[in-house]
Structures are given as structure tokens and as C-alpha cells.
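Chains, contacts and geometry: an overview
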Amino acid sequence: MEEARLFWAVNLPADVKLNLAALQARLQKKQADVKWVEQHNLHLTVKFLGQVSLDRTNEIVRAVESALAQHGSIRLELAGTGFFPAGKQPRVIWVGVGGELDKFRRLHRAVEKGLHDLGFPPENRGFSPHLTLGRVRSPQGVGNLVRELETLGREPAHFGRADVNTVELMASTLTARGPIYSVLAKVHLTRALVPGAQVPGV
């Protein structure tokens, strides 16, 4: 049976992605060895499922629809930059997420609870909303990158607003040029239960 790496995500408006790509271009000038997330792939992860048989897609969608039946839209703000872990050996470069974070965290908990009965365990670490800009591959140029990020941390940096009306089930196909993401299904954040999405060919 065909499988894919699946995850639930919030995809961002085009203008926000454009602003984030401009930030990446600024950081790339430091010539650090970083694998930057492609502009069209920038997203906020809600729940990573791992390698899953595609014949389970519809039951996964129905579970999340039911879990989010009473969740309305969420307004998020993309602002601030940083890296973790702290110190001189960062692994992940990120942009911060603000706005209605309590609602976003409740949405995350609802998705985790809805998928638990299908065999997808909750994450051990707490949910810390952020957007990954890039992942550091080696120490090359890291010092210059860290200094630039520290400078950015002292500047007011706002990259736009996302009015979240849907969460999307994504499939990730790994290629030599990087991952290719495709949308398998959408769940709308409304006050009424949305009928189960059917994925063609599944």
C-alpha cells in the first residue's frame, strides 16, 4: 500500500511568504551552511504524523474534522526571529508566532486528542508555535549568522498576519532538491462540522 510522510499544517498567505523570503535573503548574505526552507513551502506545523498509509487519509481527516468542529478562525502574527538551541551552535533558525496563541494551542491539543485513538501519540515536548526558516547543516559561517540574528532580535521585525480559516493535511515527498509538499485535504475552522473530505485516488 502506498505511503507518504503526512503532517497537519497552516499554510501562509502569499504576502507573508514574500516577507519571510526577504528575511531569508538577508540572512543568506552571511553565507552560513543552512538549508533554507523554500518560499512556497513555508508553513506552521500543527501535527506531524510520520510515514502513513494513504488508505488511512479519510479516517484521519474525519477525526480532525470532528475534533475541530467547534473551533473558529484564528488570527496569528509572524514577528521576531531567533534560533535554537541558544548559544553558538544553533540548529534551527525560526520566526516567532504571536496573536491568538491560546486559541492556536487549543487547536493543537484538539488535533492531538482527535488523532490519539487512531494510534498517533501526542508529542512528548510541549507545543511551541514557530515557523522554521532554515536548518543549520555545519558550523561554516555560523558565527556571522548568529551575530546577524542577534541584531535582528533588537529590531522591531513584523512579517505579516495570517487569518487561519483552515488547517491542511499535507504530504511530503523527499527529493534530491528538497521536499515537495502537496495538500491532500482541508478542514475548515467553522462553528459547524464539515463533511469528510474525499481524497481522489485514495
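Residues numbered from 1 in each chain as written. Predicted model: local features only at pLDDT ≥ 70, side-chain atom pairs only at ≥ 80, totals over all residues. Heavy atoms only, no water.

Below, the discussion takes up the sheet that holds strand β4 (residues 74-84). Judged by pairing direction, the sheet is antiparallel, and its 5 strands sit side by side in the order β2-β6-β5-β4-β7 without closing on themselves. Strand pairing shows two members of the sheet lacking a second neighbour, β2 (34-36) and β7 (158-164), which therefore form its edges. Each neighbouring strand pair of the sheet contributes to a mean axis angle of 30°, computed without reference to strand direction. In this sheet, strand β6 (residues 130-136) lies alongside β2 in antiparallel orientation, the contact comprising 3 bridges. (Pairing = 2+ DSSP bridges. Helix = DSSP H or I, 4+ residues; strand = E, 2+ residues; numbered from the N terminus. Axes fitted to C-alpha atoms, helices over the stretch in contact; angles between N-to-C directions.)

Let us look at the environment of tryptophan 8. Residue placement: tryptophan 8 occurs in strand β1 (residues 3-11). Sequence-wise, tryptophan 8 and phenylalanine 83 are 75 residues apart; in three dimensions their C-alpha atoms are separated by 23 Å.

Attention shifts here to helix α4 (residues 142-153). One turn of the α-helix equals 3.6 residues, which is why residues spaced by three or four share an orientation. With 12 residues, α4 extends 16 Å from end C-alpha to end C-alpha; this agrees with the ideal 16 Å at 1.5 Å per step. Buried residues in α4 make contact with α1 (14-28), β2, β4, β5 (92-99) and β6. (Expected span 1.5 Å × (residues − 1). Contact = heavy atoms within 4.5 Å.)

Once that is clear, we can look at the packing of α1 against α4. Running from N to C, α1 and α4 cross one another at 135°; their axes reach a closest spacing of 10 Å. In this view, α1 runs oblique relative to α4, as classed from their interaxial angle. Side by side, α1 and α4 meet where Leu23, Arg26 and Leu27 of the first sit next to Leu145, Glu148, Leu149, Thr151 and Leu152 of the second. Counted by class, the contact of α1 with α4 contains 5 nonpolar, 1 polar and 2 charged residues. (Parallel < 35°, antiparallel > 145°, perpendicular 65-115°, else oblique. Nonpolar A, V, L, I, M, F, W, Y, C, P; charged D, E, K, R; others polar.)

Here glutamate 168 shows up in strand β8 (residues 166-175). Assessed through its relative accessible area of 7%, glutamate 168 is described here as buried. In contact with glutamate 168, not counting residues within four places along its chain, are Phe7, Trp8, Ala9, Asn11, Val183, Ala185 and Lys186. (Buried < 20%, exposed > 50% of the residue type's maximum accessible area, 1.4 Å probe, protein only.)

So, on to the packing of helix α2 (residues 57-67) against helix α3 (residues 101-116). With their axes 8 Å apart at the nearest point, α2 and α3 run at an angle of 135° to one another. On the basis of their axis angle, the class for α2 and α3 is oblique. Once α2 is placed against α3, the crossing between them reads as right-handed. Residues Ile60, Ala63, Val64 and Ala67 of α2 touch α3, and the partners they reach there are Ala110, Val111, Gly114 and Leu115. Among the residues forming the contact of α2 with α3, the class breakdown is 7 nonpolar, 1 polar and no charged. (Left-handed = near helix turned anticlockwise from the far one by under 90°.)

Here the structure, examined in full by the defined rule, presents 11 salt bridges. Arginine 26 serves as the salt-bridge partner of glutamate 155, at 3.4 Å between the closest nitrogen and oxygen. Within this pair, whereas glutamate 155 is found in the loop between α4 and β7, its partner arginine 26 is found in helix α1, the two being separated by 129 residues in sequence. Given a relative accessible area of 29%, arginine 26 falls into the partly exposed group. Here glutamate 112 ties to lysine 47 by a salt bridge, and the two come within 3.0 Å at their closest N and O atoms. With glutamate 112 in helix α3 and lysine 47 in strand β3 (residues 43-53), this pair connects stretches of sequence that are 65 residues apart. Relative accessible area serves as the criterion here: at 2%, lysine 47 is assigned to the buried category. Residues participating in the shared-partner salt-bridge network are Arg26, Lys30, Glu148 and Glu155. (Salt bridge = Lys/Arg side-chain N within 4 Å of Asp/Glu carboxyl O.)

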